[in-house]
Amino acid sequence: MDSNQFREVGKQMVDYIADYYDNIRQRPVMHNVSPGYLPPLLPDSAPEDPERWEDIFKDIEKVIMPGVTHWRSPRFHGYYAAGGSFPSMLGDMLCNAIGCIGFSWATSPACTELEMVTTDWLGKMLGLPEHFLHSHSGLGGGVIQSTASETVFLCVLAARNRMVARMKETDQDMNDHSVISRFVCYSSDQANSSVHRSGLLAEVRMRKLQSDDNFSLRGETLRKAIKEDKAKGLIPFFVCATLGTTGSCAFDCIKEIGPLCEKEGIWLHIDAAYAGSAFVCPEYRQHLEGVEYAETFSTNPHKWMLCNFDLSVMWIKNREYIVDAFKVDPIYLKHQNEGRVPDYRHWQIPLSRRFRALKLWFVLRCYGVKGIQQYIRTHVSLAEELEALLVKDGRFEMPVPATMALVCFRLKGTNKLSEMLHDHIMARGDIYIIPAYARAQGKDVYFMRVAMVSEHMTSADIEVTFRAIQRSADRVQERYADLPQTEKN
Ligand code: PLP
């Protein structure tokens, strides 16, 4: 493909994408295929000869779209928002065009320096402490990672390393392996699965602590766990607190957890993958009280800040714990300005990295702080509208009040009834929602969660979602009228 053809078909693709967005409400949100649907639609091996673009283009609708779940649809309410916007797509387009691999400053200074500027902009927008900014005189700064999962894994490794180094200060001959086998980390039982997985990958114990009735991890619970574990000879070294849990958007109490971590020399990481974006609105910043105790903080603009995947930002108070701890510096990666600016390869697990700051820069400039605040506030008020409709119906209950842009609800009665409601909704396929379980007041409570995902959702879309839930509830109640209405103890 030469640049002339690229101009032509590129415009066709932009039109296709714009139409996709304009007409997305007409597509069923759920794919309509079974496992193995795709291979029969394609040849067994790659074509020997070049194919015509027109033929390839036609296959998008024929082969790909039937197997797509439309995450951009206002009928999609699963998981959390998969961020995206036209300015972000343009940023990715330019990133792909430039195609630099910014593992060091020298490989493309703009790639590193725009990342420093935009992570500082974002840190300021969210009201994070100054020690997380590159522009501050300390050792802190922000970096774009692929995912929040990768960040938490990196932080566990850094914290493990820091604890080993500290212990070595008093015992030079210490056997690292036998000491690490006594290491223990903590998170709440509501933390994202990636936190538990980081413990597995780093080969350290990860204890899930019971959250309170609001699904929040409290200082007292952590204090008791640390005491118990120390009495057993274990060594607490890492806590992952969540601001906006995956299940119900609960907030761990970092103002209680932070001082404890400081006292015990424990690394506090804050995972604000979803809800972190809301701190752009000052009215949500009460949840940040205690953030100054965190060594690291991460949030995903690729969730709720209009950036396309992948764009997860991690801020660190003291970069040396990551940058120096895992340094491998062969001659072919060195450059003359080393030490004067970050070489971001030292701040992450992979070597190579894309110019992702472009899309963050485009988004922050195209929307401005006010535009992003408005986007967040609109989603929050749409969640409140849905919650009000569900309450008014009378058949539903909320295990927790709508929080940020997430509504959690269930049919009054047994878990089984709500499970059947979810099955019915998903079988109909006109909206997409996912279930969650939480332990509340000694019981496992099954509920469904409705996240506001699409950038362009309106009250009319909320009405459609609500009617779909109502219709399914009617059918489930008719069909299963004989089922017990209360849980057996
Ligand atoms: N942390 C929380 C609270 C989440 O809700 C999620 C995903 O929804 C993650 C971490 C994982 O994020 P990522 O896919 O960026 O690893």
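Residues numbered from 1 in each chain as written. Predicted model: local features only at pLDDT ≥ 70, side-chain atom pairs only at ≥ 80, totals over all residues. Heavy atoms only, no water.

## Some remarks on the layout of surface pockets
Next, step 1: Empty space within the largest pocket amounts to approximately 600 Å³.
Next, step 2: In terms of lining residues, the largest pocket is bounded by 30 residues, among which Tyr79, Tyr80, Asn192, Thr246 and Lys303 are the most central.
Next, step 3: Counting residues per element, the ones that place at least two in the lining of the largest pocket are α5 (148–170), α10 (301–304) and β10 (434–440).
Next, step 4: A per-element tally of the lining of the largest pocket places β10 first, with four residues.
Next, step 5: Its residues assigned to classes, the lining of the largest pocket comprises 14 nonpolar, twelve polar and four charged.
Next, step 6: Counting only domains with at least three residues in the lining of the largest pocket, you end up with domain 1 (3–84) and domain 2 (100–355). (1 Å grid on protein atoms, 1.4 Å probe; cavity = no way out; pocket = protein on both sides within 12 Å on 5 of 7 lines; lining within 4 Å. Points joined across faces, edges and corners; volume = space filled by probe spheres on them. Helix = DSSP H or I, 4+ residues; strand = E, 2+ residues; numbered from the N terminus. Nonpolar A, V, L, I, M, F, W, Y, C, P; charged D, E, K, R; others polar. Domains from an automatic or database assignment.)

## Remarks on the site of the ligand
Next, step 1: Surrounding the ligand, one finds 14 residues, the nearest of these being Ala148, Ser149, Thr246, Asp271 and Asn300.
Next, step 2: Thr246 has a polar side-chain atom sitting 2.9 Å from an oxygen atom of the ligand.
Next, step 3: Protein coverage of the free-state accessible area of the ligand, which is 390 Å², stands at 86%.
Next, step 4: Residue assignment for the shell around the ligand shows that the elements contributing at least two residues are α5 and α10.
Next, step 5: Among the residues forming the shell around the ligand, the class breakdown is three nonpolar, nine polar and two charged. (Near = heavy atom within 4 Å. Polar contact = N/O pair within 3.5 Å; in protein donor to acceptor, adjacent residues only side chain to side chain. Areas by Shrake-Rupley, 256 points an atom, 1.4 Å probe, with all protein chains shown as cover.)

## Quick look at the pattern of salt bridges
Next, step 1: All told, the structure shown has 34 salt bridges when counted by the stated rule.
Next, step 2: The salt bridge involving Glu264 is made with Lys230; its shortest N-O contact spans 2.6 Å. With a gap of 34 residues between them, Glu264 in helix α9 (residues 254–264) and Lys230 in helix α8 (residues 219–231) connect regions that are remote in the sequence.
Next, step 3: The exposure class assigned to Glu264 is partly exposed, which follows from its relative accessible area of 23%.
Next, step 4: Asp430 serves as the salt-bridge partner of Arg428, at 3.2 Å between the closest nitrogen and oxygen.
Next, step 5: Each of Asp92, Asp310, Arg354, Arg356 and Lys359 takes part in salt bridges that share partners, so that together they form one network. (Salt bridge = Lys/Arg side-chain N within 4 Å of Asp/Glu carboxyl O. Buried < 20%, exposed > 50% of the residue type's maximum accessible area, 1.4 Å probe, protein only.)

## As for the environment of Leu200
Next, step 1: With respect to the helices and strands, Leu200 occurs in helix α7 (residues 193–202).
Next, step 2: Between the C-alpha atoms of Leu200 and Phe153, which are 47 residues apart in sequence, the distance is 9.6 Å.

## A short note on a nonpolar patch on the surface
Next, step 1: On the surface, Met1, Phe6, Val14, Leu90 and Met93 cluster together into a nonpolar patch covering about 530 Å² of accessible area.
Next, step 2: Its location among the elements puts Phe6 in helix α1 (residues 3–22). (Patch = residues over 30% accessible without salt bridge, like charges linked within 9 Å, V, L, I, M, F, W, Y side chains within 5 Å.)

## Observations regarding the pairing of strand β11 (residues 443–451)
Next, step 1: Within β11, seven of the nine residues are buried, which leaves it mostly tucked inside the rest of the structure.
Next, step 2: Bridging between strand β9 (residues 406–411) and β11 involves four bridges; their strand directions are antiparallel. Across the sheet, the residue bridging to Phe409 is Met448, located in β11. (Pairing = 2+ DSSP bridges.)

## Observations regarding the packing of aromatic side chains
Next, step 1: In this structure the tally under the stated criterion is 19 aromatic pairs.
Next, step 2: Centroid distance Tyr79 to Tyr432: 6.2 Å. Interplanar angle 40°. Geometry classified as tilted. Here the residue Tyr79 occupies a position in the loop between α2 (53–64) and α3 (86–98), and Tyr432 occupies one in the loop between α13 (415–428) and β10, the gap between them amounting to 353 residues.
Next, step 3: Take Tyr79: its relative accessible area is 36%, and that puts it in the partly exposed class.
Next, step 4: Owing to a relative accessible area of 13%, Tyr432 belongs among the buried residues under this scheme.
Next, step 5: An angle of 80° between the planes, with centres 5.4 Å apart, marks the rings of Tyr437 and Tyr446 as edge-to-face.
Next, step 6: Given the relative accessible area of 7%, Tyr446 is considered buried.
Next, step 7: Taken together, the aromatic side chains of Trp71, Phe76, Tyr79 and Tyr432 make up a single cluster linked through ring pairs.
Next, step 8: Taking NZ or CZ as reference, Arg162 lies 5.2 Å from the ring centre of Tyr321, over its face.
Next, step 9: The lysine or arginine in question, Arg449, covers the ring of Tyr80, its NZ or CZ lying 4.7 Å from the ring centre. (Phe/Tyr/Trp six-rings, centres within 6.5 Å; stacked < 30°, edge-to-face > 60°. Lys NZ or Arg CZ within 6 Å of the ring centre and 35° of its normal.)

## Side note on the side chain of Thr147
Next, step 1: Tracing the backbone shows Thr147 in the loop between β1 (141–145) and α5.
Next, step 2: A distance of 3.0 Å separates the side chain of Thr147 from the backbone nitrogen of Glu150, its partner in a polar contact.
Next, step 3: Every residue in contact with Thr147, bar those within four places of it in the chain, is listed here: His302, Phe309 and Ser312. (Contact = heavy atoms within 4.5 Å.)

## Observations concerning the packing of α3 against helix α12 (residues 357–393)
Next, step 1: Where α3 meets α12, the axes come as close as 7 Å, and the angle between the chain directions of the two elements is 150°. If you check the angle between α3 and α12, you find them roughly antiparallel. In this structure, α3 crosses over α12, and the sense of that crossing is right-handed. Between α3, through Pro87, Ser88, Leu90, Gly91, Asp92, Leu94, Cys95 and Ile98, and α12, the contact on the second element is made entirely by Leu358, Lys359, Phe362, Val363, Cys366 and Tyr367.
Next, step 2: For the contact of α3 with α12, the class distribution of residues is ten nonpolar, two polar and two charged. (Axes fitted to C-alpha atoms, helices over the stretch in contact; angles between N-to-C directions. Parallel < 35°, antiparallel > 145°, perpendicular 65-115°, else oblique. Left-handed = near helix turned anticlockwise from the far one by under 90°.)

## Structural notes on the nonpolar core
Next, step 1: If you look at the biggest cluster of nonpolar residues, it comprises 103 residues, and the most contacted ones within it are Phe297, Trp304, Ile376 and Met452.
Next, step 2: Residue contributions to this core peak at 13 residues, all from α12.
Next, step 3: A domain split of this core shows at least three residues from each of domain 1 (3–84) and domain 2 (100–355).
Next, step 4: Not counting chain neighbours up to four residues away, the residues in contact with Met452 comprise Ala81, His379, Leu382, Ala383, Leu386, Ala405, Val407, Met457 and Ile462.
Next, step 5: Judged by nonpolar contacts, the second largest core, of 33 residues, contains Val179, Phe237, Phe238 and Ile316. (Core = buried A, V, L, I, M, F, W, Y, C linked by side-chain atoms within 4.5 Å.)

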